[in-house]
Amino acid sequence: MLFEVLKFVVRTRFSKPLLIFMAVMLVYFIGISAAIPSEEGNRIFGYYGTGIVALFLAMALATGGVMVYKSDRDYLFTLPLSPRDLSISIYFSQFIAFGITILFMFGYLYQSLNSALLLADLVALALTFTSLGVIAPSMTARVRAVLSVALALWTLLAFANFPLSPGSAFYGNVYGGTATLIALAAVTTAAAFRSLSRVELDMMRSLVKSTSSEIKSPNSYVGKSPVGAIYSMNLNTISLAGRMNMAGSSRYVSRRIRTRWVVAASSVAAAAYFVYGLSRASAPAVGGHGAFPGALLASLGLSIIALFLASSAVTNERLWLSLTSLPTATYFRHLVASRVISLMLILAPFAVADAALAALGYGEALAALVVTLAVIPSSYVLEVCWTAYVAPIQVKGDDITMAAQFNLRQMSIILPLFVVIIIVSAASVLLSVAVVGGVILTAVSAILTTSSGFWGRVATKLTEDGFV
(Lines give C-alpha, C1' and ligand atoms only; values in the text may rest on other atoms or scores of the structure.)
Protein backbone atom coordinates (compact mmCIF):
# COMPACT_ATOMS: atom_id res chain seq x y z
CA MET A 1 0.00 0.00 0.00
CA LEU A 2 2.91 2.33 0.73
CA PHE A 3 4.12 2.09 -2.87
CA GLU A 4 0.71 2.99 -4.27
CA VAL A 5 0.33 6.00 -1.99
CA LEU A 6 3.89 7.08 -2.75
CA LYS A 7 3.33 6.80 -6.49
CA PHE A 8 0.09 8.77 -6.28
CA VAL A 9 1.59 11.59 -4.22
CA VAL A 10 4.64 11.97 -6.46
CA ARG A 11 2.68 11.82 -9.74
CA THR A 12 0.20 14.47 -8.60
CA ARG A 13 2.95 16.88 -7.61
CA PHE A 14 5.52 16.58 -10.41
CA SER A 15 5.15 16.32 -14.17
CA LYS A 16 6.92 13.45 -15.95
CA PRO A 17 9.26 15.75 -17.93
CA LEU A 18 10.36 17.40 -14.69
CA LEU A 19 11.08 14.05 -13.01
CA ILE A 20 13.08 12.91 -16.04
CA PHE A 21 15.01 16.18 -16.10
CA MET A 22 15.85 15.92 -12.41
CA ALA A 23 17.02 12.32 -12.83
CA VAL A 24 19.26 13.27 -15.77
CA MET A 25 20.74 16.20 -13.86
CA LEU A 26 21.37 14.04 -10.81
CA VAL A 27 23.28 11.50 -12.89
CA TYR A 28 25.18 14.35 -14.55
CA PHE A 29 26.31 15.90 -11.26
CA ILE A 30 27.32 12.55 -9.81
CA GLY A 31 29.26 11.73 -12.98
CA ILE A 32 31.00 15.09 -13.25
CA SER A 33 32.15 14.90 -9.63
CA ALA A 34 34.53 12.11 -10.61
CA ALA A 35 36.05 14.22 -13.39
CA ILE A 36 36.99 17.18 -11.18
CA PRO A 37 40.55 16.91 -9.83
CA SER A 38 41.07 16.95 -6.10
CA GLU A 39 41.99 20.34 -4.67
CA GLU A 40 42.16 19.66 -0.98
CA GLY A 41 42.50 22.80 1.09
CA ASN A 42 41.04 25.11 -1.55
CA ARG A 43 39.24 27.66 0.65
CA ILE A 44 36.98 28.82 -2.16
CA PHE A 45 34.89 25.67 -1.67
CA GLY A 46 34.81 26.32 2.07
CA TYR A 47 33.35 29.79 1.49
CA TYR A 48 30.90 28.42 -1.06
CA GLY A 49 29.71 25.47 1.00
CA THR A 50 29.28 27.34 4.25
CA GLY A 51 27.55 30.32 2.65
CA ILE A 52 25.09 28.19 0.66
CA VAL A 53 24.25 26.06 3.71
CA ALA A 54 23.55 29.19 5.79
CA LEU A 55 21.31 30.65 3.06
CA PHE A 56 19.37 27.46 2.45
CA LEU A 57 18.84 26.73 6.14
CA ALA A 58 17.39 30.19 6.64
CA MET A 59 15.20 30.04 3.51
CA ALA A 60 13.94 26.53 4.30
CA LEU A 61 12.62 27.57 7.68
CA ALA A 62 11.51 31.09 6.75
CA THR A 63 9.50 30.18 3.63
CA GLY A 64 8.99 26.44 3.91
CA GLY A 65 5.75 24.52 3.90
CA VAL A 66 4.15 21.22 2.98
CA MET A 67 3.16 20.51 -0.61
CA VAL A 68 -0.56 20.01 -0.19
CA TYR A 69 -3.27 20.37 -2.82
CA LYS A 70 -6.89 21.29 -2.23
CA SER A 71 -7.73 17.86 -3.63
CA ASP A 72 -5.64 16.34 -0.84
CA ARG A 73 -7.82 18.08 1.72
CA ASP A 74 -11.00 17.03 -0.04
CA TYR A 75 -9.99 13.49 -1.04
CA LEU A 76 -6.61 12.10 0.01
CA PHE A 77 -6.82 13.04 3.69
CA THR A 78 -10.31 11.55 3.96
CA LEU A 79 -9.21 8.07 2.85
CA PRO A 80 -8.56 5.36 5.46
CA LEU A 81 -4.82 5.37 4.82
CA SER A 82 -2.10 4.46 7.26
CA PRO A 83 -0.66 7.64 8.82
CA ARG A 84 2.77 6.09 8.38
CA ASP A 85 2.29 5.53 4.64
CA LEU A 86 0.91 9.04 4.13
CA SER A 87 3.70 10.68 6.14
CA ILE A 88 6.43 8.80 4.30
CA SER A 89 4.90 9.62 0.93
CA ILE A 90 4.54 13.34 1.63
CA TYR A 91 8.04 13.50 3.10
CA PHE A 92 9.50 11.77 0.05
CA SER A 93 7.78 14.25 -2.28
CA GLN A 94 9.22 17.07 -0.18
CA PHE A 95 12.65 15.49 -0.51
CA ILE A 96 12.36 15.40 -4.31
CA ALA A 97 11.24 19.02 -4.38
CA PHE A 98 13.69 20.45 -1.91
CA GLY A 99 16.22 18.08 -0.37
CA ILE A 100 17.59 16.83 -3.67
CA THR A 101 18.69 20.41 -4.39
CA ILE A 102 21.66 19.76 -2.12
CA LEU A 103 23.01 17.14 -4.46
CA PHE A 104 22.80 19.64 -7.32
CA MET A 105 24.55 22.33 -5.29
CA PHE A 106 27.29 20.18 -3.75
CA GLY A 107 27.57 16.96 -5.74
CA TYR A 108 30.35 18.17 -8.02
CA LEU A 109 32.48 19.15 -5.00
CA TYR A 110 33.04 15.57 -3.90
CA GLN A 111 36.49 15.19 -5.42
CA SER A 112 37.38 18.84 -4.85
CA LEU A 113 36.76 18.62 -1.11
CA ASN A 114 38.33 15.18 -0.94
CA SER A 115 36.32 14.28 2.12
CA ALA A 116 35.32 10.69 2.83
CA LEU A 117 32.48 12.05 4.95
CA LEU A 118 31.01 14.31 2.28
CA LEU A 119 28.32 11.79 1.31
CA ALA A 120 27.14 11.67 4.92
CA ASP A 121 27.21 15.48 5.01
CA LEU A 122 25.08 15.76 1.86
CA VAL A 123 22.51 13.22 3.07
CA ALA A 124 22.26 14.94 6.44
CA LEU A 125 21.87 18.33 4.76
CA ALA A 126 19.19 17.06 2.39
CA LEU A 127 17.20 15.56 5.26
CA THR A 128 17.60 18.73 7.34
CA PHE A 129 16.44 21.06 4.56
CA THR A 130 13.50 18.82 3.76
CA SER A 131 12.50 18.55 7.41
CA LEU A 132 12.75 22.28 8.12
CA GLY A 133 10.33 22.95 5.28
CA VAL A 134 7.87 20.46 6.79
CA ILE A 135 8.19 21.91 10.29
CA ALA A 136 7.81 25.55 9.23
CA PRO A 137 3.97 25.77 8.99
CA SER A 138 3.56 24.77 12.66
CA MET A 139 5.49 27.86 13.78
CA THR A 140 4.47 31.49 13.91
CA ALA A 141 6.12 33.92 11.50
CA ARG A 142 8.08 35.55 14.33
CA VAL A 143 9.44 32.24 15.59
CA ARG A 144 10.43 31.22 12.05
CA ALA A 145 12.22 34.53 11.52
CA VAL A 146 14.17 34.25 14.79
CA LEU A 147 15.14 30.62 14.22
CA SER A 148 16.10 31.32 10.59
CA VAL A 149 18.55 34.03 11.67
CA ALA A 150 19.86 31.82 14.49
CA LEU A 151 20.47 28.89 12.12
CA ALA A 152 22.24 31.11 9.60
CA LEU A 153 24.48 32.64 12.28
CA TRP A 154 25.22 29.22 13.76
CA THR A 155 26.28 28.00 10.32
CA LEU A 156 28.45 31.07 9.68
CA LEU A 157 30.31 30.45 12.96
CA ALA A 158 32.33 27.99 10.89
CA PHE A 159 34.24 31.03 9.58
CA ALA A 160 35.40 31.61 13.19
CA ASN A 161 36.64 27.99 13.30
CA PHE A 162 33.84 26.91 15.63
CA PRO A 163 33.85 23.11 15.19
CA LEU A 164 30.22 22.34 16.08
CA SER A 165 28.58 24.32 13.28
CA PRO A 166 26.57 22.96 10.30
CA GLY A 167 29.01 24.75 8.01
CA SER A 168 32.16 23.43 9.68
CA ALA A 169 32.13 20.27 7.57
CA PHE A 170 32.97 22.47 4.57
CA TYR A 171 35.37 24.79 6.33
CA GLY A 172 38.07 22.66 7.87
CA ASN A 173 36.43 21.04 10.92
CA VAL A 174 35.23 17.96 9.06
CA TYR A 175 34.47 15.63 11.96
CA GLY A 176 32.82 18.18 14.23
CA GLY A 177 30.78 19.56 11.34
CA THR A 178 29.67 16.13 10.19
CA ALA A 179 28.62 15.12 13.71
CA THR A 180 26.65 18.37 14.01
CA LEU A 181 24.90 17.82 10.67
CA ILE A 182 23.94 14.24 11.53
CA ALA A 183 22.57 15.30 14.93
CA LEU A 184 20.65 18.19 13.35
CA ALA A 185 19.21 15.89 10.67
CA ALA A 186 18.09 13.36 13.28
CA VAL A 187 16.31 16.00 15.39
CA THR A 188 14.63 17.81 12.50
CA THR A 189 13.58 14.61 10.70
CA ALA A 190 11.92 13.25 13.85
CA ALA A 191 10.13 16.57 14.32
CA ALA A 192 9.06 16.55 10.65
CA PHE A 193 7.43 13.13 10.87
CA ARG A 194 5.70 14.18 14.06
CA SER A 195 4.39 17.24 12.21
CA LEU A 196 3.28 15.16 9.22
CA SER A 197 1.20 12.96 11.50
CA ARG A 198 -1.01 16.02 12.04
CA VAL A 199 -0.42 17.77 8.74
CA GLU A 200 -4.10 18.56 8.18
CA LEU A 201 -4.41 20.18 11.62
CA ASP A 202 -1.33 22.35 11.06
CA MET A 203 -2.58 23.28 7.61
CA MET A 204 -5.97 24.39 8.94
CA ARG A 205 -4.29 26.44 11.67
CA SER A 206 -2.27 28.21 9.01
CA LEU A 207 -5.36 28.75 6.88
CA VAL A 208 -7.34 30.28 9.76
CA LYS A 209 -4.38 32.45 10.75
CA SER A 210 -3.80 33.68 7.19
CA THR A 211 -7.46 34.52 6.56
CA SER A 212 -8.06 36.26 9.90
CA SER A 213 -4.89 38.32 10.21
CA GLU A 214 -5.09 42.10 10.38
CA ILE A 215 -3.14 44.53 8.25
CA LYS A 216 -0.67 46.41 10.44
CA SER A 217 0.52 49.92 9.55
CA PRO A 218 -1.33 50.17 6.22
CA ASN A 219 -0.05 52.58 3.59
CA SER A 220 -2.15 55.52 2.54
CA TYR A 221 -2.21 56.61 -1.10
CA VAL A 222 -4.69 59.46 -0.68
CA GLY A 223 -3.74 62.41 -2.85
CA LYS A 224 -1.08 60.50 -4.80
CA SER A 225 -1.05 60.08 -8.56
CA PRO A 226 -1.01 56.53 -10.01
CA VAL A 227 2.74 56.77 -10.60
CA GLY A 228 3.28 58.23 -7.12
CA ALA A 229 1.32 55.35 -5.58
CA ILE A 230 3.54 52.79 -7.35
CA TYR A 231 6.73 54.36 -6.00
CA SER A 232 5.24 54.91 -2.55
CA MET A 233 4.31 51.26 -2.20
CA ASN A 234 7.48 49.72 -3.61
CA LEU A 235 9.91 52.08 -1.85
CA ASN A 236 8.25 51.72 1.54
CA THR A 237 7.72 47.95 1.49
CA ILE A 238 9.52 44.88 0.19
CA SER A 239 7.15 42.28 -1.22
CA LEU A 240 7.84 38.58 -0.86
CA ALA A 241 5.15 36.73 -2.74
CA GLY A 242 4.75 33.64 -4.84
CA ARG A 243 5.49 29.99 -4.76
CA MET A 244 8.77 30.25 -2.88
CA ASN A 245 10.21 27.20 -4.56
CA MET A 246 13.84 26.25 -4.33
CA ALA A 247 14.01 23.46 -6.91
CA GLY A 248 10.26 23.11 -6.56
CA SER A 249 9.72 23.67 -2.87
CA SER A 250 6.48 23.97 -1.39
CA ARG A 251 4.37 26.90 -0.41
CA TYR A 252 2.77 30.10 -1.57
CA VAL A 253 3.51 33.02 0.70
CA SER A 254 2.67 36.69 0.49
CA ARG A 255 4.43 39.04 2.87
CA ARG A 256 5.29 42.72 2.92
CA ILE A 257 8.16 43.97 5.04
CA ARG A 258 9.03 47.58 5.68
CA THR A 259 12.00 48.57 3.56
CA ARG A 260 13.71 50.28 6.48
CA TRP A 261 13.91 46.99 8.39
CA VAL A 262 15.35 45.16 5.40
CA VAL A 263 17.92 47.91 4.83
CA ALA A 264 18.83 47.81 8.53
CA ALA A 265 19.40 44.07 8.34
CA SER A 266 21.38 44.51 5.13
CA SER A 267 23.54 47.15 6.82
CA VAL A 268 24.35 44.84 9.73
CA ALA A 269 25.20 42.01 7.32
CA ALA A 270 27.39 44.33 5.23
CA ALA A 271 29.24 45.53 8.34
CA ALA A 272 29.91 41.93 9.36
CA TYR A 273 31.06 41.18 5.81
CA PHE A 274 33.46 44.15 5.89
CA VAL A 275 34.93 43.18 9.26
CA TYR A 276 35.32 39.59 8.12
CA GLY A 277 37.04 40.73 4.95
CA LEU A 278 39.57 42.75 6.94
CA SER A 279 40.24 39.93 9.38
CA ARG A 280 40.42 36.95 7.02
CA ALA A 281 41.62 38.19 3.63
CA SER A 282 45.33 38.25 2.85
CA ALA A 283 46.88 41.70 3.28
CA PRO A 284 47.72 43.64 0.11
CA ALA A 285 51.37 43.59 -0.87
CA VAL A 286 53.19 46.83 -1.64
CA GLY A 287 51.86 48.00 -5.00
CA GLY A 288 49.72 44.85 -5.31
CA HIS A 289 46.34 43.44 -4.28
CA GLY A 290 45.14 41.35 -1.40
CA ALA A 291 43.07 38.21 -1.82
CA PHE A 292 39.48 38.00 -0.63
CA PRO A 293 37.64 35.31 -2.66
CA GLY A 294 34.64 35.63 -0.34
CA ALA A 295 33.79 38.98 -1.91
CA LEU A 296 32.44 37.50 -5.14
CA LEU A 297 30.76 34.66 -3.29
CA ALA A 298 28.90 37.24 -1.22
CA SER A 299 27.81 38.88 -4.48
CA LEU A 300 26.55 35.53 -5.70
CA GLY A 301 24.52 35.15 -2.50
CA LEU A 302 23.00 38.59 -3.08
CA SER A 303 22.13 37.50 -6.63
CA ILE A 304 20.19 34.52 -5.28
CA ILE A 305 18.28 36.76 -2.87
CA ALA A 306 17.51 39.14 -5.76
CA LEU A 307 16.17 36.15 -7.72
CA PHE A 308 13.60 35.44 -5.00
CA LEU A 309 12.55 39.08 -4.92
CA ALA A 310 12.27 39.27 -8.71
CA SER A 311 10.22 36.09 -9.09
CA SER A 312 7.46 37.64 -6.97
CA ALA A 313 7.37 41.02 -8.72
CA VAL A 314 4.12 40.40 -10.64
CA THR A 315 2.59 37.68 -8.47
CA ASN A 316 -0.08 39.82 -6.86
CA GLU A 317 -0.79 42.02 -9.88
CA ARG A 318 -4.44 42.51 -10.81
CA LEU A 319 -4.66 43.82 -14.35
CA TRP A 320 -8.23 45.10 -14.07
CA LEU A 321 -6.96 47.63 -11.52
CA SER A 322 -3.41 48.46 -12.59
CA LEU A 323 -3.85 48.63 -16.35
CA THR A 324 -7.00 50.74 -16.13
CA SER A 325 -5.04 53.36 -14.18
CA LEU A 326 -2.11 53.72 -16.57
CA PRO A 327 -1.14 52.55 -20.08
CA THR A 328 0.38 49.07 -20.02
CA ALA A 329 3.98 50.02 -20.85
CA THR A 330 3.93 53.03 -18.52
CA TYR A 331 2.66 51.00 -15.59
CA PHE A 332 5.22 48.21 -15.96
CA ARG A 333 8.12 50.62 -16.54
CA HIS A 334 7.43 52.40 -13.29
CA LEU A 335 6.79 49.09 -11.51
CA VAL A 336 10.20 47.78 -12.57
CA ALA A 337 11.97 51.10 -11.90
CA SER A 338 10.54 51.39 -8.39
CA ARG A 339 11.51 47.83 -7.53
CA VAL A 340 15.04 48.33 -8.85
CA ILE A 341 15.43 51.42 -6.66
CA SER A 342 14.17 49.40 -3.69
CA LEU A 343 16.70 46.66 -4.49
CA MET A 344 19.50 49.23 -4.73
CA LEU A 345 18.65 50.46 -1.23
CA ILE A 346 19.21 46.90 0.03
CA LEU A 347 22.44 46.49 -1.94
CA ALA A 348 23.86 49.91 -1.02
CA PRO A 349 25.51 48.82 2.27
CA PHE A 350 27.33 45.99 0.48
CA ALA A 351 28.40 48.38 -2.27
CA VAL A 352 29.89 50.70 0.36
CA ALA A 353 31.68 47.75 1.99
CA ASP A 354 33.06 46.58 -1.36
CA ALA A 355 34.19 50.11 -2.23
CA ALA A 356 36.02 50.40 1.08
CA LEU A 357 37.71 47.02 0.64
CA ALA A 358 38.66 47.90 -2.93
CA ALA A 359 40.17 51.18 -1.75
CA LEU A 360 42.26 49.19 0.74
CA GLY A 361 43.68 47.10 -2.12
CA TYR A 362 41.54 43.96 -2.27
CA GLY A 363 41.14 43.23 -5.98
CA GLU A 364 38.19 40.85 -5.71
CA ALA A 365 36.22 43.53 -3.86
CA LEU A 366 36.41 45.81 -6.90
CA ALA A 367 34.91 43.08 -9.10
CA ALA A 368 32.26 42.46 -6.43
CA LEU A 369 31.43 46.18 -6.44
CA VAL A 370 30.81 46.10 -10.21
CA VAL A 371 28.64 43.00 -9.81
CA THR A 372 26.65 44.60 -6.99
CA LEU A 373 26.04 47.91 -8.77
CA ALA A 374 25.52 46.70 -12.35
CA VAL A 375 25.15 42.95 -12.76
CA ILE A 376 22.69 42.21 -9.95
CA PRO A 377 20.23 45.11 -10.62
CA SER A 378 20.19 44.44 -14.39
CA SER A 379 19.80 40.69 -13.90
CA TYR A 380 16.96 41.49 -11.48
CA VAL A 381 15.17 43.36 -14.28
CA LEU A 382 15.75 40.45 -16.67
CA GLU A 383 14.37 38.04 -14.08
CA VAL A 384 11.23 40.15 -13.64
CA CYS A 385 10.70 40.28 -17.42
CA TRP A 386 11.48 36.58 -17.90
CA THR A 387 9.22 35.44 -15.08
CA ALA A 388 6.33 37.66 -16.18
CA TYR A 389 6.47 36.35 -19.74
CA VAL A 390 7.48 32.71 -19.37
CA ALA A 391 6.35 31.41 -15.98
CA PRO A 392 4.33 33.90 -13.93
CA ILE A 393 3.51 32.62 -10.45
CA GLN A 394 -0.23 32.95 -10.04
CA VAL A 395 -2.30 32.56 -6.93
CA LYS A 396 -5.39 30.43 -7.35
CA GLY A 397 -7.16 29.64 -4.12
CA ASP A 398 -5.70 30.06 -0.65
CA ASP A 399 -2.05 30.33 0.25
CA ILE A 400 -1.82 26.95 1.95
CA THR A 401 -2.63 24.52 -0.83
CA MET A 402 -0.78 24.12 -4.12
CA ALA A 403 -2.21 25.51 -7.35
CA ALA A 404 -0.67 23.20 -9.95
CA GLN A 405 1.95 20.57 -10.63
CA PHE A 406 5.59 21.54 -10.66
CA ASN A 407 6.89 21.42 -14.21
CA LEU A 408 9.88 22.40 -16.32
CA ARG A 409 8.43 25.79 -17.26
CA GLN A 410 8.31 26.81 -13.61
CA MET A 411 11.92 25.77 -13.11
CA SER A 412 12.99 27.92 -16.06
CA ILE A 413 12.71 31.04 -13.90
CA ILE A 414 16.24 30.38 -12.59
CA LEU A 415 17.86 30.69 -16.04
CA PRO A 416 18.85 34.37 -15.62
CA LEU A 417 20.70 33.35 -12.46
CA PHE A 418 23.04 31.17 -14.51
CA VAL A 419 24.13 34.24 -16.46
CA VAL A 420 25.10 35.91 -13.19
CA ILE A 421 26.93 32.79 -12.01
CA ILE A 422 28.99 32.72 -15.22
CA ILE A 423 29.84 36.42 -14.94
CA VAL A 424 30.77 36.15 -11.24
CA SER A 425 32.92 33.06 -11.88
CA ALA A 426 34.79 34.75 -14.73
CA ALA A 427 35.10 38.03 -12.82
CA SER A 428 37.21 36.26 -10.19
CA VAL A 429 39.90 36.04 -12.90
CA LEU A 430 39.20 39.08 -15.10
CA LEU A 431 37.63 42.29 -13.80
CA SER A 432 36.78 43.27 -17.36
CA VAL A 433 34.27 40.40 -17.55
CA ALA A 434 32.24 41.97 -14.74
CA VAL A 435 32.39 45.39 -16.42
CA VAL A 436 31.45 44.15 -19.89
CA GLY A 437 28.81 41.79 -18.50
CA GLY A 438 27.29 44.57 -16.44
CA VAL A 439 27.15 46.92 -19.43
CA ILE A 440 25.53 44.29 -21.67
CA LEU A 441 22.95 43.22 -19.06
CA THR A 442 22.13 46.85 -18.28
CA ALA A 443 21.60 47.61 -21.98
CA VAL A 444 19.35 44.57 -22.49
CA SER A 445 17.32 45.31 -19.37
CA ALA A 446 16.88 48.95 -20.46
CA ILE A 447 15.66 47.88 -23.90
CA LEU A 448 13.12 45.46 -22.43
CA THR A 449 11.91 47.93 -19.81
CA THR A 450 11.26 50.65 -22.39
CA SER A 451 9.71 48.35 -25.02
CA SER A 452 5.97 48.94 -25.36
CA GLY A 453 5.57 45.89 -27.57
CA PHE A 454 7.18 43.60 -25.00
CA TRP A 455 4.95 44.77 -22.17
CA GLY A 456 1.93 44.44 -24.41
CA ARG A 457 2.77 40.77 -24.93
CA VAL A 458 3.37 40.38 -21.18
CA ALA A 459 -0.08 41.80 -20.45
CA THR A 460 -1.61 39.30 -22.87
CA LYS A 461 0.26 36.41 -21.25
CA LEU A 462 -0.75 37.50 -17.75
CA THR A 463 -4.37 37.80 -18.83
CA GLU A 464 -4.27 34.29 -20.25
CA ASP A 465 -2.80 33.02 -16.98
CA GLY A 466 -5.57 34.56 -14.91
CA PHE A 467 -4.02 37.78 -13.60
CA VAL A 468 -7.35 39.62 -13.67
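Everything quoted here is computed from the prediction, not taken from an experiment.

## Overview of the overall build of the chain
(1) Moving on: Scanning the chain for helices and strands turns up 21 helices and two strands.
(2) Moving on: Here the chain holds 468 residues, and 50% of them are scored as buried.
(3) Moving on: Put simply, 79% of the contacts in the chain that link residues at least 6 apart link residues at least 24 apart.
(4) Moving on: Total accessible area on the chain is roughly 20,700 Å²; 71% of this is exposed by carbon and sulfur atoms.

## Describing empty space enclosed by the protein
(1) Moving on: One pass over the structure, following the stated rule, counts four cavities of 30 Å³ or more.
(2) Moving on: Looking at the second largest cavity, its volume works out to about 90 Å³.
(3) Moving on: N234, T237, I238, S239, L309, R339, S342, L343, I346 and Y380 are the residues that line the second largest cavity.
(4) Moving on: Elements supplying a minimum of two residues to the lining of the second largest cavity: β1 (237–243) and α16 (328–359).
(5) Moving on: Residue contributions to the lining of the second largest cavity peak at four residues, all from α16.
(6) Moving on: When grouped by side-chain class, the residues that make up the lining of the second largest cavity number five nonpolar, four polar and one charged.

## Some details on the packing of aromatic side chains
(1) Moving on: The full count for this structure, using the stated rule, is eight aromatic pairs.
(2) Moving on: Measuring from centroid to centroid gives 5.1 Å for F159 and Y276, while their planes differ by 35°, and the two rings are tilted. Taken together, the positions of F159 in the loop between α9 (141–156) and α10 (174–196) and Y276 in helix α13 (residues 259–280) put the pair 117 residues apart, joining distant regions of the chain. Neither F159 nor Y276 differs from the other in exposure class; each is buried.
(3) Moving on: Plain terms: the ring middles of Y389 and F454 are 6.2 Å apart, the flat faces sit at 35° to each other, and that makes the pair tilted. One end of the pair, Y389, is in helix α17 (residues 363–390); the other, F454, is in helix α21 (residues 452–464), and 65 residues separate them in sequence.
(4) Moving on: Residue class for Y389 comes out partly exposed when judged on its relative accessible area of 34%.
(5) Moving on: Here K461 stacks its cationic end above the ring of Y389, 5.7 Å away from the centre of that ring.

## A word on the environment of L321
(1) Moving on: Take L321: it is sitting in helix α15 (residues 319–322).
(2) Moving on: It is 8.3 Å that separates the C-alpha atoms of L321 and V468, two residues lying 147 residues apart in sequence.

## Examining the nonpolar core
(1) Moving on: Counting 50 residues, the largest nonpolar core has F332 and Y380 as its most contacted members.
(2) Moving on: Counting only elements with at least two residues in this core, the list comes to α13, α14 (294–311), α16, α17, α19 (415–427), α20 (431–450) and α21.
(3) Moving on: The contact partners of F332, leaving out residues within four places of it in the chain, are V314, L319, L323, W455, V458 and L462.
(4) Moving on: Listed in part, the 42 residues of the second largest apolar core include L57, V68, F77 and A169.

## Side note on helix α8 (residues 118–135)
(1) Moving on: An ideal rise of 1.5 Å per residue puts 26 Å on 18 residues; α8 measures up with 25 Å between its terminal C-alpha atoms.
(2) Moving on: Extensive coverage of α8 is indicated by the burial of 14 of its 18 residues.

## Comments concerning the confidence of the model for the chain
(1) Moving on: When the pLDDT values of the chain are averaged, the result is 77; 77% of them are 70 or greater.
(2) Moving on: Residue range residues 204–213 is modelled with pLDDT below 50. Its contacts to residues more than four positions away, or to other chains, number ten contacts.

## Remarks on the environment of C385
(1) Moving on: Looking at the secondary structure, you find C385 in helix α17.
(2) Moving on: Non-local contacts of C385, meaning those with residues more than four positions away in its chain, are made with L448, F454 and W455.

## Describing α10
(1) Moving on: A rise of 1.5 Å per residue sets the reference length of α10, with its 23 residues, at 33 Å; its end C-alpha atoms lie 32 Å apart and thus fit the reference within 8%.
(2) Moving on: The complete set of buried residues in α10 reads G176, G177, T178, T180, L181, L184, A185, T188, T189, A192, S195 and L196.

## A short note on the pattern of salt bridges
(1) Moving on: The full count for this structure, using the stated rule, is one salt bridge.
(2) Moving on: Residue R84 is joined to D85 by a salt bridge in which the shortest nitrogen-to-oxygen separation is 3.0 Å.
(3) Moving on: Looking at D85, the relative accessible area reads 6%, which means it is buried.

Parameters at a glance
Residues numbered from 1 in each chain as written. Predicted model: local features only at pLDDT ≥ 70, side-chain atom pairs only at ≥ 80, totals over all residues. Heavy atoms only, no water. Helix = DSSP H or I, 4+ residues; strand = E, 2+ residues; numbered from the N terminus. Buried < 20%, exposed > 50% of the residue type's maximum accessible area, 1.4 Å probe, protein only. Contact = heavy atoms within 4.5 Å. Areas by Shrake-Rupley, 256 points an atom, 1.4 Å probe, with all protein chains shown as cover. 1 Å grid on protein atoms, 1.4 Å probe; cavity = no way out; pocket = protein on both sides within 12 Å on 5 of 7 lines; lining within 4 Å. Points joined across faces, edges and corners; volume = space filled by probe spheres on them. Nonpolar A, V, L, I, M, F, W, Y, C, P; charged D, E, K, R; others polar. Phe/Tyr/Trp six-rings, centres within 6.5 Å; stacked < 30°, edge-to-face > 60°. Lys NZ or Arg CZ within 6 Å of the ring centre and 35° of its normal. Core = buried A, V, L, I, M, F, W, Y, C linked by side-chain atoms within 4.5 Å. Expected span 1.5 Å × (residues − 1). pLDDT = per-residue confidence, 0-100. Salt bridge = Lys/Arg side-chain N within 4 Å of Asp/Glu carboxyl O.

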